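This is what each chain is made of:
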Amino acid sequence: MQPFDYVAADSVEKAVKILIDNSPSARPVAGATDVLNDIRRGLVEPRMLVDISGIAELQGIEITDRGLRIGSLATHTEIIKSPLIKEHAPALADASLTVGAVQTRNMGTLGGNLVSAVPSLDGAPVLMALDALVTIAGSAGREEVALRDFFLGPRQTVLGTDRILVDMLIPKANLGKATSFAKFGLRKGQALALINVAASLHVDAATGRAAQTRIALGAVAPKPIHASEAEAFVDANAPGEETFSEAGRIAATQASPIDDFRASAAYRIELIQVLTRRALSEAYSQATGGPEGR
Amino acid sequence: MIEVNITVNGEARTAEVPPETTLLTLLRDWGLTGTKLGCDEGDCGACTVLLDGMSVNGCLVLAGRANGCSVSTVEGLSVDGRLHPLQEAFEQHASLQCGFCGPGILMSAKELLDANPSASKSEIRIALSGNLCRCTGYVKIIDAVAEAGAKMAAHGGQSNG
């Protein structure tokens, strides 16, 4: 591995200052499961790694008056084991359980997964489907942005080189919202997503209609996307298999998957249709207390 | 250079290393070559060790990150010459052929059984999904982990004795 300096920061402010003082050749590092491989492959050549894994403020999973706050350092294993996640956003644990293998989940953080911004990341769809907000720390202080506006393209986020992700917030109104995560990889274990999708919805008790449907797709475009037309279609039509199938077809038209050695674009289009339908169907079952309800 | 202090299998160790040194490299430099260098990118699990009780890929942990931590490697499994129940079961089932994946698999299995000695075969498969074996096809490995777990459960979770 190419040489670099290594410093551990013990506060967000100190970490940001070190990053600014050494921009653009310093990088924050937490679980390191992506960064070290990126360095080995020459994708990044930092002269300094700023270890943020000991910063207390970035840790923890807790209920606040605004919703469910997840510190950026929460590991996938912590997400999977958290009683609060299980109670309020269990689909997020489903997604974390598909990331890498145990060794990766023990070290890899949900925040780091988002910051990696690889198109196939499994951490984004559920959070996007729950309209999550993220807190960013930089020289100008703290800023909150919607996760849907966080990604710019492959391996690019609004963070730039001198800001860090502090936490993710699932707004109070969306805690317990029926949500389903579906992923298709080439193996059961340790496989990148060919596509992944999260669907969430409420069911209006009076009309039986779906409302505030969200469909977030990963690995089908340069960054995770909302299938906004499909979302609107579900809200506007009687919920059921026919509507969910059509929503899958609409979602596929909003995607721009690639051909690569893992799968063809045409195959990915088929997967979007099928997995979007399944995710909507399961979310609807949850919302209506059906057989797959939690 | 950075100074790291790590407790390895109960023994305090200190080293001055270049910052880019991985925990895997450091352990092997210390002569603990049971932990294997396989893919060096976190896919194969041959370098699995326990960092404060959690399985990690030694190739994806910087030595500096392990500073102040406790690390368990395959060399620490047996105690006073007595094999760990996992090692006994692997021997009885002839679970390994070339053996390269063995140290990592034993440590992943230890993490699982320490928390849940009664783990089902399905849970064992999930726990070992980050450990690749190119010889055996996993059946004898999973059988051995299940048997070791049963033995540990019968002894109230005691690993040795």
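Use the structure listed above.
Note that this is a predicted model, so its numbers are computed, not measured. (Residues numbered from 1 in each chain as written. Chains lettered and ligands numbered in written order. Predicted model: local features only at pLDDT ≥ 70, side-chain atom pairs only at ≥ 80, totals over all residues. Heavy atoms only, no water.)

Engineer: Which residues make up helix α11 (residues 265-287) of chain A, and what values do they have?
Structural biologist: Residues and elements named next belong to chain A. Helix length check: α11, at 23 residues, gives a terminal C-alpha distance of 32 Å against a target of 33 Å (1.5 Å per residue), a fit within 8%. For α11, the complete set of buried residues consists of A265, R268, L271, I272, L275, T276, A279, L280, S281, A283, S285 and Q286. Where α11 is buried, its residues contact β11 (178-184), β12 (195-203), β13 (210-218), α9 (228-236) and α10 (241-253). A positive backbone phi angle near 65° is found at G289, which sits one or two residues after α11. (Helix = DSSP H or I, 4+ residues; strand = E, 2+ residues; numbered from the N terminus. Expected span 1.5 Å × (residues − 1). Buried < 20%, exposed > 50% of the residue type's maximum accessible area, 1.4 Å probe, protein only. Contact = heavy atoms within 4.5 Å.)

Engineer: Outline the pairing of strand β6 (residues 133-138) of chain A, supporting the account with residue identities and numerical values.
Structural biologist: Put simply, side chains in a regular strand alternate between the two faces of the sheet. Residues and elements named next belong to chain A. With five of six residues buried, β6 lies mostly within the body of the structure. Taken together, β6 and the strand that follows it, strand β7 (residues 141-146), pair antiparallel across an intervening segment of two residues. Here β6 runs beside strand β10 (residues 164-171); their pairing, made up of five bridges, is antiparallel. Looking across to β10, one finds that V134 is bridged to M168. (Pairing = 2+ DSSP bridges.)

Engineer: Can you break down the sheet that holds strand β14 (residues 225-226) of chain A residue by residue, with the values?
Structural biologist: Residue and element names in this part refer to chain A. Taken in spatial order, the four strands of this open sheet run β11-β12-β13-β14, and their pairing is antiparallel. Edge positions in the sheet fall to β11 and β14, since each has one partner strand and no second. Along the sheet, α9 makes contact with β13 and β14, crossing β13 at roughly 155°. (Axes fitted to C-alpha atoms, helices over the stretch in contact; angles between N-to-C directions.)

Engineer: Go over the packing of aromatic side chains with me, naming the residues and quoting the values.
Structural biologist: Tallied over the entire structure, the rule returns three aromatic pairs over all chains. With centroids separated by 5.3 Å and ring planes inclined at 85°, the aromatic side chains of A:F150 and A:F151 adopt a geometry described as edge-to-face. (Phe/Tyr/Trp six-rings, centres within 6.5 Å; stacked < 30°, edge-to-face > 60°.)

Engineer: I'd like to hear about the nonpolar core, residue by residue, with values.
Structural biologist: Of all hydrophobic cores here, the largest spans 36 residues; its most connected members are A:I70, A:L114, A:L127, A:F150 and A:F151. At five residues, the largest contribution of residues to this core is made by helix α8 (residues 124-129) of chain A. Per-domain counts for this core show at least three residues from each of domain 2 (59-173) and domain 3 (178-287) of chain A. Setting aside anything within four residues of it in sequence, one finds A:I70 in contact with A:G60, A:I61, A:I79, A:I85, A:L92, A:L110, A:D167, A:M168 and A:I170. One finds B:V4, B:V8, B:V17 and B:L60 within the second-largest nonpolar core, a separate group that totals 34 residues. (Core = buried A, V, L, I, M, F, W, Y, C linked by side-chain atoms within 4.5 Å. Domains from an automatic or database assignment.)

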